[in-house]
Each structure stands twice: as structure tokens, then as C-alpha cells.
Amino acid sequence: QVQLVESGGGFVQAGDSLTLSCAASGRTFIGLGWFRQAPGKEREFVAALSWSSGYTHYGDSVKGRFTISKDNAKNPVYLHMNSLKPEDTAVYYCAGRTRATDYRRRESYDYWGQGTQVTVSS
């Protein structure tokens, strides 16, 4: 079965750093993405990585603070979050992209993990 499992979430203070990981198995993907969803908010694009090119992309709200990366085997994929802010509080999801479409859109991803909670206190 295709499976994506996030880990690494937790409770931190503003300004702290935290690294999430996503272990994917069961099939190959065009790339991996990270999204987040806060209570009452729409799911938001955070970061994406393309397997073939190695290109990385970031949402405006996290650009310069977050970094998406992979190990040498391209699995797992990490999201290193630096200078965390209270507005970063959300459930973070990793997703596998299977279509050569806009990496910022949920519709480009067919497979999703269960999510991991990140809470940033002020």
C-alpha cells in the first residue's frame, strides 16, 4: 500500500526550530509536498520538492524560514522549520504528487499522510 507517515511535531516556543519528517513508501512520486491547516483555515501550501530536478519551492509565509530536504535515498523528506511563529501553528501534512501540475495546489497530490501537530506558543 502507498503510505506517507509524518513525525516530529510538538509544542515549541516562538523562535524555536523544529524538524518534521515524512516517510513515503509504496510507489514513486513526482515530488513531495508539505501543507498545513490551522483550525478554521484552508489547507495552505508550505513547501515542495521535485524528485528529478531537486528544485524546492516555498509558500510566501514560510520563505526564508523553512527548508525542505531529503536524504541521499530521497526518503524520508524533511521540513526544517526555523524561527517559528505562533501563526505557524497547524497540523502539517506531507503529500505525494503524482501529476505534473501546479505543486502549490492540493489537487496535484493524490496521497496524504495523517498529519502531525505543530503548536507554537508566544
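Residues numbered from 1 in each chain as written. Predicted model: local features only at pLDDT ≥ 70, side-chain atom pairs only at ≥ 80, totals over all residues. Heavy atoms only, no water.

> Any chance you could explain the state of the cysteines here in plain terms?
Think of a disulfide as a covalent bridge from one cysteine sulfur atom to another cysteine sulfur atom. Counting across every chain of the model gives one disulfide. C22 shares a disulfide with C94; S-S distance 2.1 Å. Note on the C22 and C94 pair: the S-S dihedral is about 65 degrees, so by sign convention the disulfide is right-handed. Separated by 72 residues along the polypeptide, C22 in strand β3 (residues 18-25) and C94 in strand β9 (residues 90-97) bring together distant segments of the chain. The same class applies to C22 as to C94, namely buried. (Disulfide = S-S within 2.5 Å. Helix = DSSP H or I, 4+ residues; strand = E, 2+ residues; numbered from the N terminus. Buried < 20%, exposed > 50% of the residue type's maximum accessible area, 1.4 Å probe, protein only.)

> Even after reading the chapter, I still don't get the packing of aromatic side chains, so can you show me in this structure?
Each aromatic ring pair is characterised by the separation of its centres together with the angle its planes make. Under the defined criterion, the tally for this structure stands at six aromatic pairs. Their ring planes at 80 degrees and their centres at 5.2 Å tell us that F35 and Y109 sit as a pair that is edge-to-face. With F35 in strand β4 (residues 31-37) and Y109 in strand β10 (residues 109-112), the pair connects residues that are 74 residues apart, well separated along the chain. Overall, Y109 belongs to the buried group, its relative accessible area being 4%. In textbook terms, an aromatic cluster arises when at least three aromatic residues are bridged by ring pairs, as seen for F35, F45, Y103, Y109 and W112. Here the basic side chain of R43 rests over the ring of Y93, its NZ or CZ set 3.9 Å away from the ring centre. The ring of W112 has R43 sitting right over it, with the charged end atom 5.0 Å from the ring centre. (Phe/Tyr/Trp six-rings, centres within 6.5 Å; stacked < 30°, edge-to-face > 60°. Lys NZ or Arg CZ within 6 Å of the ring centre and 35° of its normal.)

> Explanation requested: the sheet that holds strand β7 (residues 66-70) in the structure shown.
Sheet strands associate in pairs through backbone hydrogen bonding, adopting either a parallel or an antiparallel arrangement. With antiparallel pairing, four strands are arranged side by side in an open sheet as β1-β3-β8-β7. Single-partner strands in this sheet number two, and they are β1 (3-7) and β7. Here the average twist between neighbouring strands, direction ignored, is 15 degrees. Relative to strand β8 (residues 77-81), β7 runs antiparallel, the two being bridged by five bridges. Within the sheet, the bridge partner assigned to T67 lies in β8 and is H80. (Pairing = 2+ DSSP bridges. Axes fitted to C-alpha atoms, helices over the stretch in contact; angles between N-to-C directions.)

> It is not clear to me how unusual backbone geometry should be interpreted in this structure. Could you clarify?
Note: most residues except glycine have negative phi, and most peptide bonds are trans. One non-glycine residue, S83, lies in the positive phi region at around 50 degrees. With respect to the secondary-structure elements, S83 resides in the loop between β8 and β9. Given a relative accessible area of 35%, S83 falls into the partly exposed group.

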